[in-house]
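Single-letter residue listing:
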Amino acid sequence: MDGGEPFMGHRACAGCGGALAVRIALKALGRRAVAVLPAGCMSAVGFNFPQLCFSNNAIISTFAGTASMMTGIAAGLRARGERDFKVVGFAGDGGTADIGIQALSGAIDRGDDMIYICYDNEGYMNTGTQRSSLTPYGARTTTTPAAGGARGNRLEKKNMLEIVAAHGIPYAATASVGYLRDYARKVEKAAAIEGPSYIQVLAPCPTGWGADPSETIDLAREAVDCGLWPLAEFEGGRLSLGAEPRDPSLLRAHLARQARFAHLTDGDLRRIEEGRDRRLDRMRGRAAKEEC
Amino acid sequence: MREGLRARGHIHGGGEVTRAFVSGNEALALGVRLAAPKVVCAYPITPQTTVVERLSEMVADGSLNAEFIYAESEHSAMSCAIGASAAGARAFTATSSQGLLYMAECLPYAAGGRFPIVMMNANRSVALPWNIYGDQRDSISQLDCGWIQAYAQDAQEALDLALMSYRIAERPDVSTPFMINLDGFSLTHACEAVDVPSPEQARGFLPPYEPEDAMDFGRPRNMGFSAGPEHNAFFKYREHLGILRARDAAAEAEEEFGRAFGRRYTGLVEEYMCGDADFVLITLGSVAGACRDAADRMRGEGVRAGVLRIRYMRPFPSAEIAEAVSGAEAVAVLEKDVSFGGTGTVFANVNSALYSAGARIPSSNYIGGLGGAPVSEGDACEIFRRMASGATGVRFIGMGGA
């Protein structure tokens, strides 16, 4: 882990999970990582001329073009004779699962040597908490209101991990800023792989989730502990799961700490619990089958 | 390179220059190979396809030492080219029409980042209605995106522009991306004999790209940043000055090109019998040939006709146009685009140039060639006759006035 500070002086909100995800990954990767960040929270807070906050080579890409710009940078650096470097992308959930999914799919398909990190704060937080396809069921956002009979997002969170894994990617994993050692280990694992890798790190946004900035780490831990955000890894197509959820009964208390879920009915909460259970069962089944 | 293409060529001039009978696209690809980009990324679209097909073959057979990247869209093709350029590598891509519009977000991005990427655009109609044939509405719609825009009239010029474009774009005080436009089918797919310089000659003309401000592990850089109201105009002003300097850079490149290869180019415009012309037809692209034939015919009928071909739409040759038509009684602009609800865009630019120069010459506008409709020598003669009769205003060829 690099002792220096690769990402500092930025303007992120207090308790920003995304800023932590960027900082820890760059510390794990060291100075020969090139960071590519699309339009979004981290580019908005880190690249305000003349206040430029990356110690590494870093660049903002277009919103849709994170992965393809990574491809170009890697090719350009190779053309200049550079070796032993890694291009790492940091895109939010909207930049990954919505507008950037085509470029991401293309880069994985090409087998480009890169680490793509999705810091998943479950919505378009930079523009004021609108819904993305990674916003979970039930969450109130500014485009899925909870008022006048409406009860927040009625759509399920897109399963990006398996979508990415279906490409046959060498390495894909979920992580959480609540478990930083696990996250850093996964980043290091990705760095050792030649070819594409994908890490989706849950990065709470206290501003958008309606929680105190001091609760970021707790929330990120609880999401894992109650089984809502299972830690998983695909290696060479084989799925392995992290430890079993420590306490599935934490789920309701976990959601209750976030204002975005304050409106949920008992029925909504049951649906979220059932969804979690189904997802976990399916993943356990797949992981077990692949162990045989 | 395809066998047939090789077999058709023959060597003359001491084995240094190859003569090849090739399409405009193939000529462009030969020129790109001589320019030796390190990263070629593209997405196929008619009528650009044969450019990237030839380049992929050149990479495969080792005659072009570059990475060929299969972009999954035009937006990604340009995004990838920007990344390569940010890393300090010479980059090339090619597109057309819907593809150009799909990547449109990335065009001002490349220009604002001062990345000297070269892109070939096969001029093609824009949907709706769908149409794969040539007009210039695609590139003309992108005049404001900060790219140098050149329009070739034949295959030789396409090849030569591929070489000269990098030299112009990469000059440090220019640092501006460069779009080479070829008329779809009438130029991209028509075969002509071209002279192909040797790689040694090309290297002498265009040294490798070694930028000082690319990504660097010894001195890391934060690029593509935000600049608020207090700094934004600073960058935009510099960008504007950069593209304006392409005028001088083109002159310098053409001077050197003439010395190296014996072919002379004439800067942002090319005059044909404009010196004593009473009536000057201003146009761009491959239709200039028919216009020159028409001028010849009109001269035979006693009308002092001339043709001014715009070679570069950006930077716009305002002074050159005003100078070239200073003795004319009237000018007309023939173009393959229209700004709906306005006039032809080239016409608007020309009028602005004339007005700014204090020239008060009657001007008229002819919109033709849309969706690949042929524009004949006869059509151009008709424009000269209408000019001579004092006609002004905007007219769609074969349709009516607007």
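Residues numbered from 1 in each chain as written. Chains lettered and ligands numbered in written order. Predicted model: local features only at pLDDT ≥ 70, side-chain atom pairs only at ≥ 80, totals over all residues. Heavy atoms only, no water.

Undergrad: An account of the overall build of chain A is needed here, citing residue identities and associated values.
TA: Across its full length, chain A carries 11 helices and 10 strands. Taking 19 Å as the expected radius of gyration for a compact globule of 292 residues, we find that chain A reaches 18 Å, a close match to that expectation. Expressed as lengths along the three principal axes of its C-alpha atoms, the size of chain A is roughly 60 × 50 × 35 Å. Here chain A holds 292 residues, and the buried ones make up 58% of them. Put simply, 69% of the contacts in chain A that link residues at least 6 apart link residues at least 24 apart. As displayed, chain A offers around 10900 Å² of accessible surface, 53% of which is attributable to carbon and sulfur atoms. Computed over 35 positive and 33 negative side-chain charges, the inter-centroid distance for chain A is 2 Å. (Helix = DSSP H or I, 4+ residues; strand = E, 2+ residues; numbered from the N terminus. Rg over C-alpha atoms; globule rule 2.2 N^0.38 Å. Buried < 20%, exposed > 50% of the residue type's maximum accessible area, 1.4 Å probe, protein only. Contact = heavy atoms within 4.5 Å. Areas by Shrake-Rupley, 256 points an atom, 1.4 Å probe, with all protein chains shown as cover. Lys, Arg positive; Asp, Glu negative; His and termini not counted. Charge placed at Lys NZ, Arg CZ, Asp CG, Glu CD.)

Undergrad: Describe helix H11 (residues 246-261) of chain B, with residues and values.
TA: Residues and elements named next belong to chain B. If you check H11, its first and last C-alpha atoms are 21 Å apart, about what 16 residues at 1.5 Å a residue would give, namely 22 Å. Of the positions making up H11, those classed as buried are Ala246, Ala249, Ala250, Ala253, Glu254, Phe257, Gly258 and Phe261. Down the axis of H11, the buried set is contained in an arc of 165 degrees. They therefore lie on one face. Glycine 262 sits one or two residues past H11 and shows a positive phi near 75 degrees. (Expected span 1.5 Å × (residues − 1). Arc of directions from axis to C-beta.)

Undergrad: Please set out the sheet that holds strand S9 (residues 232-235) of chain A residue by residue, giving values where relevant.
TA: The strand order S10(A)-S9(A)-S7(A)-S8(A)-S6(A)-S5(A)-S1(A)-S4(A)-S10(B) describes an open sheet built from 9 strands, whose pairing is mixed. Lying at the two open borders of the sheet, with one neighbouring strand each, are strand S10 (238-241) of chain A together with strand S10 (222-223) of chain B. Across 2 bridges, strand S4 (residues 58-61) of chain A lies against S10 of chain B in parallel orientation. Its bridge partner being in S10 of chain B, isoleucine 59 of chain A is matched across the sheet by methionine 223 of chain B. (Pairing = 2+ DSSP bridges.)

Undergrad: Explain the interface of chain B and chain A to me, using residue names and the numbers behind them.
TA: Think of interface size as the accessible area that goes away when the parts come together; that is how it is often given. If you look at the interface, chain B gives 40 residues, while chain A gives 38 residues. Contact between chain B and chain A buries roughly 3000 Å² in total, counting both sides, with carbon and sulfur atoms accounting for 60%. Ranking the residues of chain B by area buried against chain A places Met215, Phe217 and Asn222 of chain B at the top, with a combined share of 26%. Applying the counting criterion to the chain B and chain A interface returns 2 salt bridges. When the shortest N-O distance is used, the salt bridge between arginine 110 of chain A and glutamate 72 of chain B registers 3.1 Å. Put simply, chain B and chain A have 21 residue pairs in polar contact (both at pLDDT 80 or more) between them. Looking at the side of chain B that touches chain A, the elements with two or more residues in it are strand S4 (67-70), helix H4 (74-86), helix H6 (106-112) and S10 of chain B. The biggest single contributor to the side of chain B that touches chain A is H4 of chain B, with 8 residues. (Buried area = accessible area lost by both parts, 1.4 Å probe. Salt bridge = Lys/Arg side-chain N within 4 Å of Asp/Glu carboxyl O. Polar contact = N/O pair within 3.5 Å; in protein donor to acceptor, adjacent residues only side chain to side chain.)

Undergrad: Which residues make up the side chain of glutamate 162 of chain A, and what values go with them?
TA: Along the chain, glutamate 162 of chain A falls in helix H6 (residues 160-165). In this structure the side chain of glutamate 162 of chain A is engaged in a polar contact, spanning 3.3 Å, whose partner is the side chain of arginine 282 of chain A.

Purely geometric numbers; function is a separate question.
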